[in-house]
Amino acid sequence: QGQLVESGGGLVQAGGSLTLDCAASGKISGDNTMGWYRQAPGKQRELVATISRPGSTNYADPVKGRFTVSRDSAKNTVTLQMNNLKPEDTGDYYCYLKYIRPRYGWTTTWGPGTQVTVSL
């Protein structure tokens, strides 16, 4: 339960678009938040965007207006649509899930990551 699998990374030219998808296994019920973080070479992992189960979104300032996060709560999936990509968007993108796991309480899980490379 709660294992994450990402897809959709790749190489794109600056100004292009990519879509990242992530699916969580098992039944995820109750309040939860899904989203994306990224880590550039030599830097710490940072927030990209998150979306709660009711649909409230949160974006990092550098991606506002260019990225859109959405989810399908019935399927436990989250999508990140990335437009007008810039070289500084290059990095490993990690799917994120925070949920209430039965008998364990609030639990955070991460996907293995998918690489995004934006060239000039």
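Residues numbered from 1 in each chain as written. Predicted model: local features only at pLDDT ≥ 70, side-chain atom pairs only at ≥ 80, totals over all residues. Heavy atoms only, no water.

Draft legend 1. Expanded view of the side chain of S52. Summarising the element assignment, S52 is placed in strand β5 (residues 46-52). S52 sits in the buried class, given a relative accessible area of 15%. Aside from chain neighbours lying at most four places away, what touches S52 is N32, T33 and R71. (Helix = DSSP H or I, 4+ residues; strand = E, 2+ residues; numbered from the N terminus. Buried < 20%, exposed > 50% of the residue type's maximum accessible area, 1.4 Å probe, protein only. Contact = heavy atoms within 4.5 Å.)

Draft legend 2. Layout of the side chain of T50. Mapped onto the elements, T50 comes out in strand β5. Sequence-distant contacts of T50, defined by excluding residues within four places in its chain, comprise T33, M34, G35, Y37, S56, T57, N58, V69 and Y96.

Draft legend 3. Geometry of the sheet that holds strand β7 (residues 67-72). In space, the 4 strands of this open sheet follow the order β1-β3-β8-β7, with antiparallel pairing throughout. Looking at strand neighbours, the two that pair on one side only are β1 (4-7) and β7, the edges of this open sheet. Taking each pair of neighbouring strands and ignoring which way they run, the sheet shows an average axis angle of 15 degrees. (Pairing = 2+ DSSP bridges. Axes fitted to C-alpha atoms, helices over the stretch in contact; angles between N-to-C directions.)

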